[in-house]
Amino acid sequence: PLSTMIDAILIINNYGQARLQRFYSKPPFRQQRKIIKDCFQLLSKRSNMVCNFLEGSRCWGKGTKLIYRHYATLYFVFAVDASESELGVLDLIQVFVEALDKCFENVCELDLIFYADKVNYVLDEIVMGGMVLETSLKNILGAVNGSLKLKKTSRASARRAKTRVIKRD
């Protein structure tokens, strides 16, 4: 099987609850819960004064690095192959957070809960199948806004078609 650059992307709040989880290495569900718990326990104990990456953990093994950023009440965690650049992944996390900020006008945890579909649109424009697709904030926002406009347009045309059907009867 092909190896992926990114094994997982997690957003975990300060209470250890996953607000987004995307596993590209496809561990079993029970293992996913254990991984999230393990990541939170490792990251929540770390000082803000230390670096934002860890080499391996109990759940991931030695070939994986956890690279993360802690913003307000959320940890943005990327589990990546050990050969990946820490600074490159930190930049990728920054692009993801900035894209979310632009889409939600100062993203907060509630946005991740109530607009999970939009969060997933953003992530899908950046990473697909564990590989980075796009890093340009302008291109990401253009694609996300375009797909959301298309979704609104198709809903509106569906409503009009439904109205026409009702009027004909």
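Every chain is numbered on its own, with residues counted from 1 as its sequence reads. It should be noted that, the model being predicted, local features are given only for residues of pLDDT at least 70 and side-chain atom pairs only at 80 or more, the latter also being counted only at that level, while totals for whole chains, interfaces and linings use all residues. Here the side-chain values reflect all heavy atoms present in the structure, with hydrogen atoms and water set aside.

Next up on the list: the packing of aromatic side chains. For Phe, Tyr and Trp, where Trp contributes only its six-membered ring, two rings pair if their centres lie within 6.5 Å, and the inter-plane angle classes them as stacked under 30 degrees, edge-to-face over 60, or tilted in between. All told, the structure shown has five aromatic pairs when counted by the stated rule. Residues Phe 76 and Phe 96 carry aromatic rings whose centres are separated by 6.0 Å and whose planes lie at 85° to one another, so their mutual orientation is edge-to-face. In this pair, Phe 76 is assigned in strand β5 (residues 74-81) and Phe 96 in helix α2 (residues 86-104), connecting sequence segments 20 residues apart. Exposure remark for Phe 76: the relative accessible area of 3% places this residue in the buried category. For helices the rule is a DSSP run of H or I covering at least 4 residues; for strands it is a run of E covering at least 2, with both sets numbered from the N terminus onward. Between buried and exposed lies partly exposed: a residue is buried under 20% and exposed over 50% of the maximum accessible area for its type, with that area taken using a 1.4 Å probe on protein chains only.

Here the focus is unusual backbone geometry. Negative phi values dominate among residues other than glycine, just as trans dominates among peptide bonds. Even without a glycine there, the phi angle at Ala 72 is positive, about 50°. Note on placement: Ala 72 falls in the loop between β4 (64-71) and β5. Overall, the relative accessible area of 71% leaves Ala 72 in the exposed class. Located in the positive-phi region is Asn 106, a residue other than glycine, with phi close to 75°.

Before going further, it helps to spend a moment on the pairing of strand β1 (residues 6-13). Along β1, eight of the eight residues are buried, which leaves the element largely enclosed by surrounding structure. With seven bridges connecting them, β1 and β5 associate as antiparallel partners. Across the sheet, Ile 11 pairs through a bridge with Phe 76, a residue of β5. Sheet analysis places β1 next to strand β2 (residues 18-23), joined by five bridges and oriented antiparallel. Bridging across to β2, Ile 11 finds its partner in Leu 20. A loop of four residues connects β1 with β2, the two strands running antiparallel in sequence, and Gly 16 in this loop sits at a positive phi of about 85°. Being paired, for any two strands, means DSSP has found at least two bridges between them.

Geometric descriptors of this kind do not, in isolation, establish any biological role.
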